Structure formats: C-alpha cells, structure tokens
Amino acid sequence: DQQVKQNSPSLSVQEGRISILNCDYTNSMFDYFLWYKKYPAEGPTFLISISSIKDKNEDGRFTVFLNKSAKHLSLHIVPSQPGDSAVYFCAASGGRSARQLTFGSGTQLTVLP
Amino acid sequence: SQTIHQWPATLVQPVGSPLSLECTVEGTSNPNLYWYRQAAGRGLQLLFYSIGIDQISSEVPQNLSASRPQDRQFILSSKKLLLSDSGFYLCAWSGGLLEQFFGPGTRLTVL
C-alpha cells in the first residue's frame, strides 16, 4: 500500500511559467514532508521541507503548500528554468518510525526553453 | 562540511555472484544511515537503516543484508545476486534533523 503517492509521472512546462508538482498521502501520522530533486545517475538532493504545523514554506523560487485536511501537498516552482528539469520526489515522515522517510514514485519535470 | 561517498559508481555482475557496496560519511559522528533502491521507473524503496554500529533494521525481506562495522561505514551485501536485484542503490545519512542526504548512488546491473 503506497502511503505517499505522486499520481503524475511526468509534467512539461514552458520556461518562465509555474510548475506545480502534487503529492498525496494516506497516513495521518505523517507530520513532516520533504521534496527532493534528482538528476539521472545522481543521488537526490534535498530541496525544501514543511512541518505539519505550517501550511506554507517558501525558499526562493520554491514554495511548498500543505493541506492537512486533504492530505495533499504541492511544490510550486516559479519561474521555471530548464535546469529544473529533473525527477521530483516527495517524502513524508512520522508515525511508527519518525526517522524514516516514505517516498513517492516521483514526477519527471521537463521545462521547455 | 559533511560528505557521503559510495562505490563503485557502476557494477555489472552475473546472477548468483556476491555483492558488496560500500558507503562512508565524513564530517559527522553517529549518523543515521540508510540504504535505498530505485528500480527502473520506480520510487525510492528503503531497504535498511541503522541508528548505530551493528544496529541494523531491515524494511523489506530479500536476499540482501547490511552491516555497519564502523560509525560512518555502511555496507550492503548479497551472497547470491538475482536478476531482480538490478537497480540504482543509494546510501543516505541524517543527523539531528529529519532531512536525509544522499550519496551519488551505484548503478547495479545483474545479468
């Protein structure tokens, strides 16, 4: 049973526009959420996180929104740049093993020049 | 600053052969360490995690094993590889915060 779901395997966006990556979770015990970015043949790099006590966290071009009632979070990238093209994973922590992360299956973002 | 190393970067092994992948972390002490696998087109699957020397927890039953002989060394092993073991193996560490930091990964192909 997938506790963290990224239902869109791919997304294409024009350079300069907004990219919105979505993630849903089922475990109500999750209380910390993270986004990672991964280029091919490299390890994921941490982008941004949000605690369940907040509904928004912003870092430069990246903003993460959390809707606890809907068990949904999203990552907004604005403006999108070609270098943002990568696979984005959302991850969640909490509950039975607070120090473990449960990852979604990833969304391939392609930013078109 | 902290750095994490993995080797080898790529590996091609025949079915039934043994496996040893190594991960080391520098610049921190007593890290939590993790092994993940990313199969083709799939997400990251947690295989093992360790909170200290010789303290290993397995998340998924399989023919892989992990060991932590030193504080900052984490080893992933197998006695006999299966075709299904092919994938991209990632080591990660975390400290006092929940963010995990990943190594560069090892691409394993089992033929």
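The sections below set out a description of the structure shown in this document. (Residues numbered from 1 in each chain as written. Chains lettered and ligands numbered in written order. Predicted model: local features only at pLDDT ≥ 70, side-chain atom pairs only at ≥ 80, totals over all residues. Heavy atoms only, no water.)

Linking two cysteines covalently through their sulfur atoms gives a disulfide. As enumerated under the stated definition, the model contains two disulfides over all chains in all. Through a disulfide, Cys23(A) is tied to Cys90(A); the S-S separation comes to 1.9 Å. Given an S-S torsion of about 60°, the disulfide between Cys23(A) and Cys90(A) has right-handed geometry. Taken as a pair, Cys23(A) in strand 3 (residues 19-25) and Cys90(A) in strand 9 (residues 86-94) lie far apart in primary sequence, 67 residues in all. The pair Cys23(A) / Cys90(A) is uniform in exposure class, with both members buried. The side chain of Cys23(B) participates in a disulfide bridge whose partner is Cys91(B); the two sulfur atoms lie 2.0 Å from each other. Residues Cys23(B) and Cys91(B) are joined through a disulfide that is left-handed, its torsion about the S-S bond being -75°. (Disulfide = S-S within 2.5 Å. Helix = DSSP H or I, 4+ residues; strand = E, 2+ residues; numbered from the N terminus. Buried < 20%, exposed > 50% of the residue type's maximum accessible area, 1.4 Å probe, protein only.)

So, about the pairing of strand 8 (residues 72-77) of chain A. Residues and elements named next belong to chain A. The element strand 8 is largely enclosed, with a buried count of five among its six residues. With six bridges joining them, strand 7 (residues 62-67) and strand 8 adopt antiparallel strand pairing. Paired with Val64 across the bridge in strand 8 is Leu75. The hairpin turn running from strand 7 into strand 8, its antiparallel successor, is four residues long, and Lys71 in that turn takes a positive phi close to 50°. (Pairing = 2+ DSSP bridges.)

Moving on: the nonpolar core. Of all hydrophobic cores here, the largest spans 23 residues; its most connected members are Phe33(A), Trp35(A), Leu73(A), Leu75(A) and Tyr88(A). Of all the elements in the fold, those that place two or more residues in this core are strand 3, strand 4 (30-38), strand 5 (45-51), strand 7, strand 8, strand 9 and strand 11 (107-112) of chain A. A per-element tally of this core places strand 9 of chain A first, with four residues. In terms of nonpolar packing, the next biggest core, distinct from the first, is built from 20 residues, Leu21(B), Leu47(B), Phe48(B) and Leu108(B) among them. (Core = buried A, V, L, I, M, F, W, Y, C linked by side-chain atoms within 4.5 Å.)

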